[in-house]
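Observations on chain architecture
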Amino acid sequence: MKIFHTADWHLGKLVQGIYMTEDQRLVLAQFLKAIDEEKPDVVIIAGDLYDRAVPPSDAVNLLNDILADIVLKHQTPVLSIAGNHDSPGRLNFGSNIMKETGLHIVGQLTKELTSVTINDDYGEVEFHLVPYMDPSQVRFIMEDETITSHQLAMKKIVEEIELQMDSTKRHVLVGHAFVTPQGQEEENTSESERPLAIGGAEYVDASLFKNFHYTALGHLHQAHYVQNETIQYAGSPLKYSISEEHHKKGFLIGELDKEGNLKVEKRLLIPNRDMRTVEGYLTDILQHPTSEDYIFVKLLDDTPVLSPMEQIRTVYPNAMHVERKVFQSIGLGKTEEQISRHKMDDFMLFESFYEEIRGQAPAEETKELFKGVLSGLMLEEREGGSGA
């Protein structure tokens, strides 16, 4: 069985005030062309179809066009789940009607876990669709008060799936989570992806998926496998922040043989405009050849520069950001300042602000109180807030 695995489209994404919709349309056109040429048996979209709970109309129209092309024109089934950026209710709407056309979208987790069976020349492959859900929601749905983290939530879901698994079939899990080799804390390589939880509760142990022939994941924007090649992140199809500058964007093609052995190939997508950093003195940068790329500029000038963005856009009309490279003196040398507040998450910002105002670190009780409030706000935003 040939599987096209993609994720994290983030349709309607706004980067530095620029909507990425047309760039998304162009790379997804390449994805459609690959479907036309290679005729996969199924397409997986592992969450974060949209960038916010209430997406702009252009993003909704683009998703409608792409899904209609895959399902109606190419007659290829699509299996998709909600990610942490999506509104589960909005994605779930009309799902019972759409599945008759081959479009299977699962926005909300239910106690009767959703699976879709697709046949190939060797028999049945069962796809288990696990949308992103906050642990508190899983705790309620599964009626299990012990579920307090993403690890425990996923463990419960996988255990329920395994109770019903038919060993004569091949099994694929589609999920949206932060999976690491032993469930340990690990840095996210993208600043554009918001955390799933705070206080270390978002990580999931890859060993939970050992009984699946393939685990197709979304959430992390850099394509990679976790622990072994049967557990794969497809990554996002475009760069959505300068932290993703060195990512190779695309999608995965997975092939399952008769016994369920997996072969995975990465296929690159070519953006209309790259996103990259340019560093140098302004007088030198103004001599560069004109480029339409999305540029983040680091100026080395020691003296103030008048209207730097206006000047830079004569060469790089789509420049997104300009900053002075900051140095700190250490002994006789200099080192670039690495930590800045725009790279801190919400909890780190709170701790920094509290310490700056009160002159001491917040007590554990205060930190736990803030975590509770922040978690509630994150959940409220996802269930229907504006998102960001």
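Quick look at the structure, then. All of these numbers come straight from a predicted model, not from anything done at the bench.

Parameters at a glance
- Residues numbered from 1 in each chain as written.
- Predicted model: local features only at pLDDT ≥ 70, side-chain atom pairs only at ≥ 80, totals over all residues.
- Heavy atoms only, no water.
- Helix = DSSP H or I, 4+ residues; strand = E, 2+ residues; numbered from the N terminus.
- Buried < 20%, exposed > 50% of the residue type's maximum accessible area, 1.4 Å probe, protein only.
- Contact = heavy atoms within 4.5 Å.
- Pairing = 2+ DSSP bridges.
- Axes fitted to C-alpha atoms, helices over the stretch in contact; angles between N-to-C directions.
- Core = buried A, V, L, I, M, F, W, Y, C linked by side-chain atoms within 4.5 Å.
- Expected span 1.5 Å × (residues − 1).
- Arc of directions from axis to C-beta.
- Salt bridge = Lys/Arg side-chain N within 4 Å of Asp/Glu carboxyl O.
- Phe/Tyr/Trp six-rings, centres within 6.5 Å; stacked < 30°, edge-to-face > 60°.

What about the overall build of the protein chain?
Assigned secondary structure in the protein chain consists of ten helices and 21 strands. Buried positions account for 48% of the 388 residues belonging to the protein chain. By sequence separation, contacts in the protein chain at least 24 residues apart represent 66% of the contacts at least 6 residues apart.

Re unusual backbone geometry
In the Ramachandran plot, His10 falls in the positive-phi region, its phi being about 50° despite a non-glycine side chain. By the secondary structure assignment, His10 is in the loop between β1 (2-6) and β2 (14-15). Judged by its relative accessible area of 0%, His10 falls in the buried class. One non-glycine residue with positive phi stands out, namely Gln75, at about 55°. By the secondary structure assignment, Gln75 is in the loop between α2 (57-73) and β5 (78-81).

Quick look at the sheet that holds strand β9 (residues 170-176)
Across the sheet, which stays open at both edges, the six strands sit in the order β7-β8-β9-β12-β14-β13 with mixed pairing between neighbours. Both outer strands of the open sheet, β7 (114-120) and β13 (224-226), are each paired with one neighbouring strand and no more. Shown here is a sheet whose adjacent strand axes are inclined to one another by a mean of 30°, direction ignored. Its contacts with the sheet put helix α6 (residues 150-164) on β8 (123-130) and β9, and the angle it makes with β8 is roughly 155°.

Digging into the environment of Phe31
Relative to the assigned elements, Phe31 resides in helix α1 (residues 21-38). Taking relative accessible area as the criterion, Phe31 reaches 1% and is therefore assigned buried. Distance in space between the C-alpha atoms of Phe31 and Pro237 is 9.3 Å, their sequence separation being 206 residues. Filtering out sequence-adjacent residues up to four positions away, Phe31 remains in contact with Phe4, Thr6, Trp9, Val43, Ile70, Phe251 and Leu269.

Concerning the nonpolar core
A general feature of soluble globular proteins is that nonpolar side chains tend to end up buried together. Counting 30 residues, the largest nonpolar core has Phe4, Trp9, Leu11, Phe31, Val43, Ile70 and Val78 as the members making the most contacts within it. For this core, the secondary structure elements donating two or more residues are α1, β4 (42-45), α2, β6 (103-106) and β15 (250-256). Among the elements that make up this core, the one with the highest residue count is α2 (seven residues). Setting aside anything within four residues of it in sequence, one finds Phe4 in contact with Phe31, Ala34, Ile35, Glu38, Pro40, Val42, Val43, Ile44, Phe251, Leu252 and Ile253. Core analysis: the next-biggest nonpolar cluster, separate from the first, contains 28 residues, Leu113, Met142, Tyr203 and Leu208 among them.

Quick look at α2
A rise of 1.5 Å per residue sets the reference length of α2, with its 17 residues, at 24 Å; its end C-alpha atoms lie 23 Å apart and thus fit the reference within 8%. Along α2, the positions that sit buried rather than exposed are Ala59, Leu62, Leu63, Ile66, Leu67, Asp69, Ile70 and Val71. In this structure, the buried residues of α2 make contact with α1, β4, β5 and β6. Two residues or fewer after α2 comes Gln75, characterised by a positive phi angle close to 55°.

Focus on α6
Taking 1.5 Å as the rise per residue, α6 with 15 residues should run 21 Å; its terminal C-alpha atoms sit 22 Å apart, in good agreement. Residues of α6 that are buried: His150, Ala153, Met154, Ile157, Val158 and Ile161. Each buried residue of α6 sits inside an arc of 125° when the element is viewed along its axis, so together they form one side. Residues of α6 that are buried sit in contact with β8, α5 (135-141), β9 and β11 (203-205).

Side note on the pattern of salt bridges
All chains considered together, the criterion is met by 17 salt bridges. Across the salt bridge formed by Glu160 and Lys156, the nearest N and O atoms sit 3.8 Å from each other. Linking Glu160 with Lys156, this pair stays in helix α6, spanning four residues, or about one helical turn. Residues joined in a network through salt bridges with shared partners are Lys2, Glu38, Glu265 and Arg267.

Some points on the packing of aromatic side chains
Enumeration over the complete set of coordinates arrives at five aromatic pairs. Relative to Phe251, the ring of Phe4 has its centre 5.1 Å away and its plane inclined at 40°; by these criteria the two rings are tilted. Taken together, the residues span a long stretch of sequence, with Phe4 in strand β1 and Phe251 in strand β15 at a distance of 247 residues. Residue classification places Phe251 among the buried positions, given a relative accessible area of 1%. Arranged with centres 6.2 Å apart and planes meeting at 80°, the rings of Trp9 and Phe31 form a pair that is edge-to-face. Here Trp9, found in the loop between β1 and β2, pairs with Phe31, found in helix α1; they are 22 residues apart in sequence, far enough to count as distant. In this pair, the class of Trp9 matches that of Phe31, namely buried. Three or more aromatic residues link up through ring pairs in this structure, and these residues are Phe4, Trp9, Phe31 and Phe251.

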